Amino acid sequence: MEIYPNLILDALRQVRYPGSGQDIVSLGMVCDDIRIDGKKVSLSLQFPRETDPFARSVVRAAEAAIEAQVGEDVEIRGNIAIKARPKAEKPAERPLSGVKNIVGVSSGKGGVGKSTVACNLAVSLANMGYKVGLLDADIFGPSVPKMLGVEDEQLYMREKDGKNLIIPVEKFGVKLLSIGFVVDKEKAVLWRGAMASNALKQLITDADWGELDYFVIDMPPGTSDIHLTLVQTLGITGAVVVTTPQDVALADARKGVSMFLGEHVNVPVLGIVENMSWFTPASHPEEKYYIFGRDGGKNLAQELNVKLLGQIPMVASICKGGDDGVPVVLQNSVSGQSFMELAQNVVTAVDERNATLPPTARVETH
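Below you will find a few notes about this structure. (Residues numbered from 1 in each chain as written. Predicted model: local features only at pLDDT ≥ 70, side-chain atom pairs only at ≥ 80, totals over all residues. Heavy atoms only, no water.)

Remarks on the sheet that holds strand 13 (residues 308–314)
Taken in spatial order, the 8 strands of this open sheet run 8-9-5-10-4-11-12-13, and their pairing is mixed. The open sheet terminates on both sides in strands that have one partner only, identified here as strand 8 (169–171) and strand 13. In this sheet, neighbouring strand axes are inclined to one another by 25° on average, regardless of whether the strands run parallel or antiparallel. Here strand 5 (residues 132–136) runs beside strand 10 (residues 212–218); their pairing, made up of 5 bridges, is parallel. Note that in strand 10 the partner of Leu134 across the bridge is Val216. The strands touched by helix 7 (residues 247–261) are strand 4 (99–107), strand 11 (238–243) and strand 12 (269–279); relative to strand 11, the strand with the most contacts, the crossing angle is about 170°. (Pairing = 2+ DSSP bridges. Helix = DSSP H or I, 4+ residues; strand = E, 2+ residues; numbered from the N terminus. Axes fitted to C-alpha atoms, helices over the stretch in contact; angles between N-to-C directions. Contact = heavy atoms within 4.5 Å.)

Some thoughts on helix 2 (residues 55–70)
Taking 1.5 Å per residue as the helical rise, helix 2 with its 16 residues ought to reach 22 Å, and the 22 Å between its terminal C-alpha atoms agrees with that figure. Listing the buried residues of helix 2 in full gives Ala55, Val58, Val59, Ala62, Glu63, Ala65, Ile66, Glu67 and Val70. Buried-residue contacts for helix 2 involve helix 1 (5–12), strand 2 (40–47) and strand 3 (80–84). Where helix 2 terminates, the next one or two residues include Gly71, which has phi positive at roughly 140°. (Expected span 1.5 Å × (residues − 1). Buried < 20%, exposed > 50% of the residue type's maximum accessible area, 1.4 Å probe, protein only.)

Details of the nonpolar core
Within the largest apolar cluster, 40 residues are counted, with the highest numbers of intra-cluster contacts made by Leu135, Phe215, Ile217, Leu230 and Phe260. When residues of this core are traced back to their parent elements, those giving at least two are strand 4, helix 5 (193–205), strand 10, helix 6 (225–233), strand 11, helix 7, strand 12 and helix 8 (296–304). Those residues in contact with Phe215 that sit more than four places away from it in its chain are Leu96, Val99, Asn101, Ile102, Val103, Gly133, Leu135, Trp209 and Leu234. Residues Val117, Phe181, Tyr214 and Leu342 belong to the second largest nonpolar core, which totals 39 residues. (Core = buried A, V, L, I, M, F, W, Y, C linked by side-chain atoms within 4.5 Å.)

Some points on helix 1
For helix 1, the full list of buried residues reads Leu7, Ile8, Ala11 and Leu12. Viewed along the axis of helix 1, the buried residues span an arc of 135°, placing them on a single side of the element. (Arc of directions from axis to C-beta.)

Some words on the pairing of strand 5
The two faces of the sheet receive side chains in turn, since in a regular strand these alternate between them. In terms of burial, strand 5 is largely enclosed, as 5 of its 5 residues are buried. Relative to strand 9 (residues 174–178), strand 5 is paired through 5 bridges, and the arrangement is parallel. Within strand 9, the residue paired with Val132 across the bridge is Val174.

Regarding the pattern of salt bridges
Overall, the coordinates contain 14 salt bridges when judged by the stated rule. Of the charged contacts, one joins Lys100 and Asp213 as a salt bridge, the two residues approaching to 3.3 Å between their closest N and O atoms. Taken together, the residues span a long stretch of sequence, with Lys100 in strand 4 and Asp213 in strand 10 at a distance of 113 residues. Across the salt bridge formed by Asp208 and Arg158, the nearest N and O atoms sit 2.6 Å from each other. (Salt bridge = Lys/Arg side-chain N within 4 Å of Asp/Glu carboxyl O.)

What about unusual backbone geometry?
A positive phi angle is found at Asn266, which is not glycine, with a value near 55°. Structurally, Asn266 is set in the loop between helix 7 and strand 12. The phi dihedral of Asn305 falls on the positive side, at around 60°, and the residue is not glycine. Within the secondary structure, Asn305 is located in the loop between helix 8 and strand 13.

Now the structure itself:
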């Protein structure tokens, strides 16, 4: 009598798994590895767990059923292997699942005041009553700790849901983390790209950020693998691009906008912030001197068909506030008011974006 796989399966349909009322073929317990070599038959049975109490009795019943169906001369005894069904993998939890909106603050080049804008934006949002987090993702030049006066803070861990998580530092109503907390502030950070990306992922996924309305990310200047790490780790709600009115800065800002809107990144651009728009002397607040050119950021926003979120004047109090660790938005000044207006414009832009576009998907790595 010729032996073929369907004959073996018909025999195994006579074997029922105890307590289920179903046969082992219907339950998917017979693996797709039936081998027939003359009279010798081998196969594997898959059980719900490694130490299944019915495994041996089911194997004996399977051997008997095959001998009854095929013939007593079939060589099946000892040729049935026992396997455990692989555990279903839990779907990976979305990073920052308690965060409603993720706003990336970026710039095409350094020196345009991106970190100043990020810090004052975060503090402004907190002053408006929102729950805010701030991540200093500028791995090689972290400046947020100094700007918010927390350079000497120590990081601590807490256990939550069986996992040790970093506790963000809190200042001015903002939860914040920076690589600056764990490196020597007097030395340069000499890391390869992979190390920097892994450190950044830890600050995002291994921290207890909790429930937040806005998560502001101070991105590194330019376009780099850090930006790719961020868009591959998070679905960023929208990006804010910072520039000065200067032509050199505008050229790089244009590249930054292009990066976010490109098909491989596809992050909505909430708008452009024109920083250092003009210089106003403290003794003559009504005067404006356009040191770096006039309305460059405004014109770029019109050219690219994106919003102009704000024009921030250049005054000494902004620099002093950053150096002293007290953001200028906390001061009752013209520059402080400009940051509050920026925050309101960002909130409006985020609301419009959420009303008209689906959530941003993370960039898939291929």
